[in-house]
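Take a look at the letters that make up each chain.
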Amino acid sequence: MWIAGNTGMARLLLALAVVMVASTAGAEPVRVTLADAMRRAERHAPTLGPKRAAVAGARGVRSAADTALATPPRLEVDVGPRWHGQPKEVGVDASVGLWQDLSLGGYGGARKSYAQALEMEARAQLAVGQRDAKTQAALAWVDARLARELVRIRKESLTDAQEIARIAAARVRAGSVPPSEQSMAQALVGRAKADMLDARGRGFVADADLRTLIGVSAEPVGPLDARDGALDRTRVLSWVRRGQPDVAAAEARAVRSARAADLTEAGGKPFIAIGPQVTREATGDWLLLGRVSFPLPVVNPAAVETARARSEAMMAHAEVKAARALLERDVRLALEEREHSRELRNALRDGAIAPAREALRQTKSQYQAGSVDLSAVLAARRELLLSEERWAEAAADVRRADIHLARIVGRDPWQLQGAKQ
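My aim in this report is to walk through the structure given alongside it, one point at a time. (Residues numbered from 1 in each chain as written. Predicted model: local features only at pLDDT ≥ 70, side-chain atom pairs only at ≥ 80, totals over all residues. Heavy atoms only, no water.)

## Examining the overall build of the protein
Inference 1: Of regular secondary structure, the protein possesses 10 helices and six strands.
Inference 2: If one aligns the C-alpha atoms of the protein with their principal axes, the spans along those axes are about 145 × 75 × 35 Å.
Inference 3: Put simply, the protein has 421 residues, and 38% of those count as buried.
Inference 4: Taking the contacts inside the protein whose residues are at least 6 apart along the sequence as the reference set, 81% of them involve residues at least 24 apart.
Inference 5: Surface summary for the protein: the accessible area is close to 23200 Å², and the carbon and sulfur share equals 59%.
Inference 6: Each charge sign in the protein was given a centre, from 62 positive and 51 negative side chains, and these centres are 3 Å apart. (Helix = DSSP H or I, 4+ residues; strand = E, 2+ residues; numbered from the N terminus. Buried < 20%, exposed > 50% of the residue type's maximum accessible area, 1.4 Å probe, protein only. Contact = heavy atoms within 4.5 Å. Areas by Shrake-Rupley, 256 points an atom, 1.4 Å probe, with all protein chains shown as cover. Lys, Arg positive; Asp, Glu negative; His and termini not counted. Charge placed at Lys NZ, Arg CZ, Asp CG, Glu CD.)

## Re the pattern of salt bridges
Inference 1: In this structure the tally under the stated criterion is 42 salt bridges.
Inference 2: Across the salt bridge formed by R256 and E121, the nearest N and O atoms sit 2.7 Å from each other. Here the residue R256 occupies a position in helix α8 (residues 245–268), and E121 occupies one in helix α5 (residues 107–174), the gap between them amounting to 135 residues. Exposure class is identical for R256 and E121. Each is buried.
Inference 3: A single salt-bridge network, built from bridges that share partners, covers E42, R131, K134 and D412. (Salt bridge = Lys/Arg side-chain N within 4 Å of Asp/Glu carboxyl O.)

## Regarding the packing of helix α3 (residues 34–44) against α5
Inference 1: Look at α3 against α5: their axes get within 8 Å of each other, and the N-to-C directions meet at 145°. In this structure, α3 crosses over α5, and the sense of that crossing is right-handed. Across the interface between the two elements, L34, A37, M38, A41 and E42 from α3 touch Q130, A133, K134, A137, A138 and W141 from α5. (Axes fitted to C-alpha atoms, helices over the stretch in contact; angles between N-to-C directions. Left-handed = near helix turned anticlockwise from the far one by under 90°.)

## Topic: the nonpolar core
Inference 1: Among the nonpolar cores identified, the biggest contains 51 residues, and W141, L210, I214 and A392 are the most heavily contacted of them.
Inference 2: Among the secondary structure elements, those contributing two or more residues to this core are α3, α5, α6 (179–214), α9 (303–369) and α10 (374–409).
Inference 3: Once you skip the residues sitting within four places of it in the chain, L210 turns out to touch V32, A37, A137, A140, W141 and A218.
Inference 4: Counting residues in hydrophobic clusters, the runner-up holds 14 residues, among them W239, V240, V331 and L335. (Core = buried A, V, L, I, M, F, W, Y, C linked by side-chain atoms within 4.5 Å.)

## Quick word on the side chain of R145
Inference 1: Here R145 lies in helix α5.
Inference 2: For R145, a relative accessible area of 16% corresponds to the buried category.
Inference 3: Polar side-chain contacts of R145 include one of 2.7 Å to the backbone oxygen of G222.
Inference 4: Setting aside residues no more than four positions away along its own chain, R145 makes contact with P220, G222, P223 and L224. (Polar contact = N/O pair within 3.5 Å; in protein donor to acceptor, adjacent residues only side chain to side chain.)

## Here's the deal with the environment of A282
Inference 1: Among the secondary structure elements, A282 is positioned in the loop between β5 (271–280) and β6 (286–293).
Inference 2: On the accessibility criterion, A282 (16% relative accessible area) is buried.
Inference 3: For the pair formed by A282 and A94, sequence separation is 188 residues and the distance between their alpha carbons is 8.1 Å.

In structure tokens form, the structure reads like this:
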């Protein structure tokens, strides 16, 4: 009913919607290298929102803890009648006291130390989250770039299949081979088209992951293959031993746990109350007193909570040692993975692709001349396709191995050789 009565407004809204859809659909993807993808993810990855909120919240806790007094002062007022003299006269006694509780266990300092440790842990967790986001974006970039490489390989394979089908059709027309060979060649073309569509679907999924992580629709650019550079293992291991993000976060968590135990313990220690008291007696006399009040330390009300907090702090410190030990193992495995992935890629590149390409060229010429049958051509084409696809996967694995090693040591992949790729 509203639309029927407001056709002008409805047309305007429809036009705006069409313009918005058209502008979105026509937006050109941003060309991003591997380094671009990682930098954008560090700023725009949605997984970083909660960690940034934790840092902001920790700053609020630190600001709240940074006060001169840990507990508020207390005002006490006493008023009551007094009977005195003969005959009895009634007067009024009034007292006003101002008290401040002061911790004998350093409660105020423990609050500040805990707040600082909480902020330090939040920042360390944010650093881990940023490193993870950059790693995820890098892997998504590799997947998207690999999908495009597979599309290129399978498009070339489709061209080969179409050429084989053309030769088969010519030979069938010449009567040199039965019609079944043409049907087989046409089936080969159909399968090649399906393989290419599969590669494009794989690219769509990788593009969606990359877009989510970096905040824009992206076209990955740059070589799929990584360069072979000398790796300084001593330098890499030194990165692990100082400033590695996961260990730094574990250390920050251990410090925060220890400060939390200190805060609990300080809160259970006695507080002494001091302050002045002014009394005006019914007789007209004035009294000025100083007052000190403190509990007898026969029971620690926070003993159980303090013991529990200390237990958690001990566990956190043990986790730091475990993280360091596991990290040494992980980096050595990652170094081995990096070397192995390069050996496999080089073996495919140098020993499989060029011979397979030459074999296909020769068998196609021989098939056209009638000296070999279709099965030989199909075998040569299949060997070339498998070799090229395996090389592409191996090249992607080289990139992934570099990204994995870089994540472990807390650096970017191009820093492994000391220069940007």
